[in-house]
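Chain by chain, the residues:
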Amino acid sequence: QVQLVESGGGLVQAGGSLRLSCAASGSIFRVKSMGWYRQATGKQRELVAQIITGVSTNYADSVKGRFTISRDNAENTVYLQMNNLNSEDTAVYYCRVIVGDSPSYQYWGQGTQVTVSS
């Protein structure tokens, strides 16, 4: 089992910044990817950014140039630095981690609310 603890959400004015953290603990082995998703009210959950181990870092078009994902392998923590926030970034942000290889397992954090006021 893997436990994910997210932090860093909150209320921020448009143009401001927030940094989200997601700390993973438990049976962390062969991490395939760590990433962030978000779900706004009435919308489907969508990928924001992810790091695929040894392969690539991907961003949603809507956040490119504003958000940066990073990962501390020693601490099994993934971060999301969010700059120049706007109202469309308001959502619950979820951390997702995929571990293992054939089979692999995915785990989700509990979510952290980000609200951007205009």
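Everything below is about the structure shown above.
Conventions adopted
Residues numbered from 1 in each chain as written. Predicted model: local features only at pLDDT ≥ 70, side-chain atom pairs only at ≥ 80, totals over all residues. Heavy atoms only, no water. Helix = DSSP H or I, 4+ residues; strand = E, 2+ residues; numbered from the N terminus. Rg over C-alpha atoms; globule rule 2.2 N^0.38 Å. Buried < 20%, exposed > 50% of the residue type's maximum accessible area, 1.4 Å probe, protein only. Areas by Shrake-Rupley, 256 points an atom, 1.4 Å probe, with all protein chains shown as cover. Salt bridge = Lys/Arg side-chain N within 4 Å of Asp/Glu carboxyl O. Core = buried A, V, L, I, M, F, W, Y, C linked by side-chain atoms within 4.5 Å. Contact = heavy atoms within 4.5 Å. Disulfide = S-S within 2.5 Å.

Participant: What is the right way to look at the overall build of the protein in this model?
Facilitator: What the protein contains, in helices and strands, is zero helices and 11 strands. In sequence order, the protein lays out its α and β elements as β-β-β-β-β-β-β-β-β-β-β. By the compact-globule yardstick of 13 Å for 118 residues, the protein fits well, its C-alpha radius of gyration being 14 Å. With respect to the three principal axes, the spread of C-alpha positions in the protein is 45 × 25 × 25 Å. For the protein, buried positions account for 41% of its 118 residues. About 6,300 Å² of surface is accessible on the protein, with carbon and sulfur atoms providing 45% of the total.

Participant: Would you explain the pattern of salt bridges in this entry?
Facilitator: Opposite charge on two side chains permits pairing when their charged atoms draw close. Enumeration over the complete set of coordinates arrives at five salt bridges. The closest approach of N and O atoms between R38 and E46, which form a salt bridge, is 2.8 Å. The exposure class of R38 is buried, given its relative accessible area of 5%. Note that K64 and D61 form a salt bridge whose closest N and O atoms lie 3.1 Å from each other.

Participant: Please clarify how the nonpolar core should be interpreted in this entry.
Facilitator: It is characteristic of soluble globular proteins that their nonpolar side chains tend to be buried jointly. Counting residues in hydrophobic clusters, the biggest one holds 29 residues, and the most contacted among them are L4, W36, V48, F67, L80, M82 and Y93. Counting only elements with at least two residues in this core, the list comes to strand 1 (2-7), strand 3 (18-26), strand 4 (31-39), strand 5 (46-52), strand 7 (67-72), strand 8 (77-82), strand 9 (91-100) and strand 11 (112-117). Of the residues forming this core, the biggest block, five residues, is contributed by strand 9. Other than its neighbours up to four places away in sequence, L80 contacts L18, R19, L20, W36, V48, A49, F67, T68, I69 and Y93.

Participant: Please explain the state of the cysteines as it appears in this structure.
Facilitator: By definition, a disulfide links two cysteine residues through a covalent bond between their sulfur atoms. What the rule picks out here adds up to one disulfide. One disulfide bridge connects C22 with C95, the sulfur atoms lying 2.1 Å from each other. A torsion of -80 degrees about the S-S bond marks the disulfide between C22 and C95 as left-handed. Remark: C95 occurs in strand 9 and C22 occurs in strand 3; sequence separation between them is 73 residues. With respect to class, C22 is no different from C95; both count as buried.

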